[in-house]
Structures are given as structure tokens and as C-alpha cells.
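Now for the letters of each chain:
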Amino acid sequence: MTAPKRRIALVVGGSRGIGQATAIRLADSGFDIWLTYRSRHEAANEVKREIEKRGRVCECMAFDIADRAAVEAALRERVEKTPPYAVVFNAGVTKDNLFVWMTQEEWNDVIRVDLGGFFNIINTVLFSMLAQKQGRIVAVSSVSGQIGQAGQANYAAAKAGIIGAAKSLAREVGKRDISVNVVAPGVIETDMTADLPKDEINALIPMGRLGTPEEAAAVINFLCSENHMYIHGQVIGVNGGLSM
Ligand code: NAP
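Residues numbered from 1 in each chain as written. Predicted model: local features only at pLDDT ≥ 70, side-chain atom pairs only at ≥ 80, totals over all residues. Heavy atoms only, no water.

S.K.: I tried to follow the site of the ligand on my own but got confused; where do I start?
M.R.: In the neighbourhood of the ligand, 30 residues make up the surrounding shell, with Ser15, Ser39, Asn90, Tyr155 and Thr190 lying closest. In this structure, an oxygen atom belonging to the ligand sits 2.7 Å away from a main-chain N or O atom of Ile188. Take Thr190: an N or O atom from its side chain is 2.5 Å from an oxygen atom of the ligand. In the complex, the protein chains occlude 97% of the 920 Å² of accessible area that the ligand would expose alone. Those elements that place two or more of their residues in the shell around the ligand are α1 (17-28) and α6 (153-173). Classifying every residue of the shell around the ligand by side-chain character gives 13 nonpolar, twelve polar and five charged. (Near = heavy atom within 4 Å. Polar contact = N/O pair within 3.5 Å; in protein donor to acceptor, adjacent residues only side chain to side chain. Areas by Shrake-Rupley, 256 points an atom, 1.4 Å probe, with all protein chains shown as cover. Helix = DSSP H or I, 4+ residues; strand = E, 2+ residues; numbered from the N terminus. Nonpolar A, V, L, I, M, F, W, Y, C, P; charged D, E, K, R; others polar.)

In C-alpha cells, the structure reads:
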């Protein structure tokens, strides 16, 4: 009997929040993890330790996803040698402001990281995945990209852009047995939402509470690890009914 092939999941933005829960959940599903983050080394190392406790391998890489040269330096050779089976594009930032006050810098920074980062990562790894003729790509968008959000025009534009890009990609690569889907969380309890007025937000959510990172991770894990997958080019909301 031949040993099952080692499967790697690249989790972009895996040091905290949804990405952290996703990396650990994918390790539970048997993936070895390539975990990327920007600068919080200690948080990333903590996730690595959790993954290693599960008997899986975790390699951490720190770089800015908006910096194409840095993305290539970290990933190009690595993916040419060993293409990842699953790629979860999860990293993202917010710089909220009402449109009327929004600065060029706030607009550009969010578009460069949240949407430019998607292009930089997927464009760097895709060729190797195509050659493998199998794989899973999951991009993390947001309910803001689906229905808009006051104060988040930059973020909503980037997250809506991810949906359009992922659907286009799905049309290009489906025949290679690479499924491409989007997960659109509502309001999830992470550092990103730590300062929001929880009581006011809970009142807007049919389930009456914020989601947990693990609840988002469970859906991402399903899209990456289920063997039989006919879900393709879809946007799956994980939002407690906030948008339906
Ligand atoms: P988070 O806790 O703030 O974590 C963000 C992750 O992205 C970290 O690993 C961070 O690395 C990494 N990152 C940020 N900017 C980066 C950059 N320029 N280059 C490389 N890595 C970068 O975020 P989260 O709340 O878990 O959100 C994860 C994803 O879900 C994001 O795309 C977010 O937009 C989306 N989302 C979140 C919510 C929510 O309610 N939390 C709702 C809808 C959608 P460091 O740790 O090194 O900074």
C-alpha cells in the first residue's frame, strides 16, 4: 500500500483570528500548513506550536501580501517544488472612514492589501496548481462586499472585487479540478472587530450574536478538505443571517 500523499494548505493571514482557526482546523483535517502573516511573529509561532501538537508540519513565512516582490521571494520557488493542494486567501485589513472624509491613502492601502494581495498570491501559486490538475482555492471576502457598509467603501470595494475575481478564476480553472469559492463572513469575534459596539450589532443579527473564528474556519475547512466537491464559484455567507 502506498502512503497517502502529503497535502499542503497555504493559509494566508494565519497568525490570528479566522486564519488562525482555519490553519488549526485544516491541520486537524490532515494538512501540513504553510502559514503566512505580516509581522506578528509570536502569534504565528503560537499557531505553529498548536499545529505541531497535532502531529502536522507548519512552516511560517512573514511578508506583506501587497508587496509583489516579497510574495514572489517567499513563495515562487517553494510552490514550484511542491504545489499546495489548498490555498486560503484570508489576510485583510480595514481602514474605515465615511466616503466624504476618506483619504487617498486609506482607499489605496485597503485596495492594495485586500484585493492586490489576492492577485499577488494567487497569480504566484496558480501555475503550479494548474500543473497538478487538482486543488482548492478559498478566498475570504466579507458581507460588506456583498451588501456594502457605511464607512467601508474601500473595504467593500476590495471584498466585492475578490468575489468578481474568484468567480472569473472559477470559470478558468474548473476543468482542471481546482475548485474556487468565496467565504463571506459577517461579524466575527477577532481583533478586527474588537472595538465594535457588540450590543448594537447583535440586535441586527438574526442569530443575535457575533460568529466565532471557528465557525468561519469550519466552512473553509469543508471547502478545502471534502473529497467530493461540486461547489464551485460560490459565495458562502457565514453571518448568522445578517444578510440573506
Ligand atoms: P485579523 O484578526 O485582523 O488577522 C488578520 C491576518 O491577516 C493576520 O494574520 C495578519 O498578520 C494578516 N495580514 C494583515 N495584513 C497583511 C499584509 N499586508 N500582509 C500579510 N498579512 C497580512 O483578521 P480577521 O478578523 O481574522 O479577518 C480575516 C479575514 O476575514 C480578513 O480578510 C477580513 O477582511 C475578513 N473578514 C473578517 C470579519 C470579522 O468580523 N472579523 C468579517 C468579514 C470578513 P499579522 O498578525 O502579522 O498582522
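There's plenty left to go through after this.
S.K.: Quick question: what am I supposed to make of the sheet that holds strand β3 (residues 58-62) here?
M.R.: Either a parallel or an antiparallel arrangement is found when strands of a sheet pair, and the pairing is made through backbone hydrogen bonds. With respect to topology, seven strands assemble into an open sheet ordered β3-β2-β1-β4-β5-β6-β7, the strand pairing being parallel. The open sheet is flanked by β3 and β7 (235-238), the only strands paired with a single partner. For this sheet, the mean angle separating the axes of adjacent strands, direction not counted, is 15°. The sheet contact formed by strand β1 (residues 8-12) and strand β2 (residues 32-37) spans five bridges and is parallel. (Pairing = 2+ DSSP bridges. Axes fitted to C-alpha atoms, helices over the stretch in contact; angles between N-to-C directions.)

Just geometry here; none of it tells us what the structure is for.
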